[in-house]
Amino acid sequence: MSSAKPLVQVPEKLGTHHSINPFNGMLRLWLFDVGSVSFLGTGIFGLVLSILAGWAGQKESFDIFIAMAIVSTSAAVAWQLIRLMANECSILIPRYRQNVFIQCEVMLIGVFSLAVLLCVLYDFTSSLSLLVFAQGISLGFILLCLLQTQWFYSSFLLFILVPFSSTLAEQVPLWLSIIVLFVFVVLIWRRCLVLPWRVEARSVYLNGLEMGWFWLPSLQSMRILSRLERYLHPVNFFIGPMLTVLLLLLPVLTIGLGIASHELHWDFPVLLLLAQFSVISCSLVHWSRVQRSRATELLLLMPGFDGRAGLVKAFARGQQRLLFFIGIGILCCSLFITWLDGDLSLPLLAHLVMSTYWACALVLGLGCLCRRVLQVSLTMLVVLGHSLWVSISLAALQHDGSLFHWLLGDLLLLILGQMALFWGSKKLWQGDITGL
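Residues numbered from 1 in each chain as written. Predicted model: local features only at pLDDT ≥ 70, side-chain atom pairs only at ≥ 80, totals over all residues. Heavy atoms only, no water.

- As annotated in an unreviewed UniProt entry, the protein is Abc-type efflux system permease component from Shewanella decolorationis S12.

Here is the structure:
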């Protein structure tokens, strides 16, 4: 009798003697995932800007941008690990987890090595302690996400710490930062060896995509919140109460940081931080709209809208009200901070308010044209351009003491932003709602 043949024959070249490339599919995994590419793109921008800052000899800017690159890359690694825990099928795919771990190691080591190389090339050896400190903080964040995935909602705290990182690194001895760094590496390695599947990781993954990775506590119904939500409706329909809380929380944090900066004699750009987060808040409006595009028809069925045209007009009015509210908040905070520091200047106030207004208007106007999350992510270039515009103008103010030409530029950009907002509102949901 002939021996029975196996139903499936495995070729020898697919056996154990065949070496598997751990970097297969790396581009697809890191650059085609919305969450990963958002943080990774910010890290790449940080590296590019740090190269430019180092070439120009601006050490303070170099420190901020290089720390942002390290923090952003670490956030992308944490995102990939959470995605791994959220995927129950990942353990069934041979070497899939090992390949992701290797890719994460390459990303972390590669960015850190590039940062060290830039410090050596530009003779910024004093920034090496900052690199170790920033990498240690980032690895601590990754460890927290591995222990409790809900910690990823607080990823924006890493970016708030970036401007403080240079000052904090000076207070921590280099040897202590190195020890903490190695301890975190060992703990993360041991945790990844037994990385479990978690149902809450899937919740973090899905909620993070929709909410833009902001965490908000459960708030009881408050009259001021409900009034502001009605005032902004329907702009806040897709993003929910997060927009209202951000608009109220940002001025409070700005004033608190301004008082702390004044009392502790810190040179901290509080108003610039407020302006940037205001622009990011506007970007989240269309981020959530694209993520929850299926809810558009539900919004259309609500009373008060006369078809698609009525909904578009109401959304345009809501965006304009949002801009006015942000402008008033920037004005009030700028008045308080400049009065507190004793350098109240009307041209400076006008520059801060107008620059934030046109940046928010551009983000909202361009966001109306977006139908994919990647397109909305590209509007973050406006945040980068606005940051450079304000930083360079404030540096010019310290040299020649005049903002006349910058105010003219603000006026032109404000008109451009208002035109973009008007044109984008006309294109909103064009062809997306069929039959209406």
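**Describing the overall build of the protein**
Line of reasoning, step 1. Assigned secondary structure in the protein consists of 17 helices and 0 strands.
Line of reasoning, step 2. Looking at the protein as a whole, 46% of its 436 residues are labelled buried.
Line of reasoning, step 3. Restricting to contacts in the protein with at least 6 residues of sequence separation, those with at least 24 account for 80%.
Line of reasoning, step 4. A total accessible area of about 23,200 Å² is found for the protein, and carbon and sulfur atoms account for 68% of it. (Helix = DSSP H or I, 4+ residues; strand = E, 2+ residues; numbered from the N terminus. Buried < 20%, exposed > 50% of the residue type's maximum accessible area, 1.4 Å probe, protein only. Contact = heavy atoms within 4.5 Å. Areas by Shrake-Rupley, 256 points an atom, 1.4 Å probe, with all protein chains shown as cover.)

**Details of helix H17 (residues 404–427)**
Line of reasoning, step 1. The terminal C-alpha atoms of H17, which comprises 24 residues, lie 35 Å apart, in line with the 34 Å expected from a rise of 1.5 Å per residue.
Line of reasoning, step 2. Listing the buried residues of H17 in full gives Trp406, Gly409, Asp410, Gly417, Ala420, Leu421, Gly424 and Ser425.
Line of reasoning, step 3. Positive backbone phi, approximately 55°, marks tryptophan 429, located one or two places after H17. (Expected span 1.5 Å × (residues − 1).)

**Brief notes about the state of the cysteines**
Line of reasoning, step 1. In total, this model carries 0 disulfides according to the counting rule given.
Line of reasoning, step 2. Cysteine cysteine 370 is unpaired, with the sulfur of cysteine 368 as its nearest cysteine sulfur at 8.6 Å. (Disulfide = S-S within 2.5 Å.)

**Thoughts on the side chain of glutamine 135**
Line of reasoning, step 1. Positionally, glutamine 135 belongs in helix H5 (residues 128–147).
Line of reasoning, step 2. Look past the residues within four positions of glutamine 135 in its chain and what remains in contact with it is Ile70, Ser74, Leu108, Phe112 and Leu181.

**Let's talk about empty space enclosed by the protein**
Line of reasoning, step 1. Counted according to the given criterion, the structure contains 3 cavities of 30 Å³ or more.
Line of reasoning, step 2. Reported here for the largest cavity is a volume of approximately 80 Å³.
Line of reasoning, step 3. Sorting the residues of the lining of the largest cavity by element identifies helix H3 (59–86), H5 and helix H6 (156–171) as the ones contributing at least two each.
Line of reasoning, step 4. The dominant element in the lining of the largest cavity, judged by the number of residues it contributes, is H6, at 4 residues.
Line of reasoning, step 5. Its residues assigned to classes, the lining of the largest cavity comprises 8 nonpolar, 1 polar and no charged. (1 Å grid on protein atoms, 1.4 Å probe; cavity = no way out; pocket = protein on both sides within 12 Å on 5 of 7 lines; lining within 4 Å. Points joined across faces, edges and corners; volume = space filled by probe spheres on them. Nonpolar A, V, L, I, M, F, W, Y, C, P; charged D, E, K, R; others polar.)

**Description of the environment of phenylalanine 182**
Line of reasoning, step 1. Considering the arrangement of structural elements, one finds phenylalanine 182 in helix H7 (residues 174–193).
Line of reasoning, step 2. It is 8.4 Å that separates the C-alpha atoms of phenylalanine 182 and glycine 136, two residues lying 46 residues apart in sequence.

**As for the packing of aromatic side chains**
Line of reasoning, step 1. Taken as a whole and assessed by the stated rule, the structure comprises 10 aromatic pairs.
Line of reasoning, step 2. Between the aromatic rings of phenylalanine 39 and phenylalanine 152, the centroid separation amounts to 5.7 Å while the plane-to-plane angle is 80°, which identifies the pairing as edge-to-face. Here phenylalanine 39, found in helix H2 (residues 34–56), pairs with phenylalanine 152, found in the loop between H5 and H6; they are 113 residues apart in sequence, far enough to count as distant. In this pair, the class of phenylalanine 39 matches that of phenylalanine 152, namely buried.
Line of reasoning, step 3. With centroids separated by 5.6 Å and ring planes inclined at 40°, the aromatic side chains of tryptophan 79 and phenylalanine 152 adopt a geometry described as tilted. In this pair, tryptophan 79 is assigned in helix H3 and phenylalanine 152 in the loop between H5 and H6, connecting sequence segments 73 residues apart.
Line of reasoning, step 4. Through a chain of ring-to-ring contacts, the aromatic side chains of Phe39, Trp79, Phe141 and Phe152 assemble into a single cluster.
Line of reasoning, step 5. One cation-aromatic arrangement involves arginine 321 over tyrosine 231; the distance from NZ or CZ to the ring centre is 5.4 Å. (Phe/Tyr/Trp six-rings, centres within 6.5 Å; stacked < 30°, edge-to-face > 60°. Lys NZ or Arg CZ within 6 Å of the ring centre and 35° of its normal.)

**Quick notes on unusual backbone geometry**
Line of reasoning, step 1. In this structure, proline 234 follows histidine 233 across a cis peptide bond, with omega equal to 10°.
Line of reasoning, step 2. Note that proline 234 resides in the loop between helix H9 (223–232) and helix H10 (242–264).
Line of reasoning, step 3. For aspartate 123, which is not glycine, the phi torsion reads 60° and is therefore positive.
Line of reasoning, step 4. Position of aspartate 123 relative to the elements: it lies in the loop between helix H4 (96–121) and H5.
Line of reasoning, step 5. By relative accessible area, aspartate 123 is classed as exposed at 60%.

**Thoughts on the layout of surface pockets**
A water-sized probe, rolled over the atoms, reveals where empty space remains.
Line of reasoning, step 1. Of the volumes computed, that of the second largest pocket is approximately 630 Å³.
Line of reasoning, step 2. Along the walls of the second largest pocket sit 23 residues, with Glu105, Leu108, Ile109, Leu139 and Val185 positioned nearest its centre.
Line of reasoning, step 3. Breaking the lining of the second largest pocket down by element, the ones donating at least two residues are H3, H4, H5 and H7.
Line of reasoning, step 4. No other element matches the 9 residues that H7 contributes to the lining of the second largest pocket.
Line of reasoning, step 5. A class-by-class count of the residues in the lining of the second largest pocket yields 20 nonpolar, 2 polar and 1 charged.

**So, the packing of H3 against H4**
Line of reasoning, step 1. One can describe the packing of H3 onto H4 by two numbers: an axis separation of 10 Å at closest approach and a directional angle of 175°. Put simply, H3 runs roughly antiparallel to H4. Contacts from Phe62, Ile66, Ala69, Ile70, Thr73, Ser74, Val77, Gln80, Leu81 and Leu84 in H3 reach Tyr96, Arg97, Val100, Phe101, Cys104, Met107, Leu108, Val111, Phe112, Ala115, Leu118 and Cys119 in H4.
Line of reasoning, step 2. Taken together, the residues that form the contact of H3 with H4 break down as 18 nonpolar, 3 polar and 1 charged. (Axes fitted to C-alpha atoms, helices over the stretch in contact; angles between N-to-C directions. Parallel < 35°, antiparallel > 145°, perpendicular 65-115°, else oblique.)

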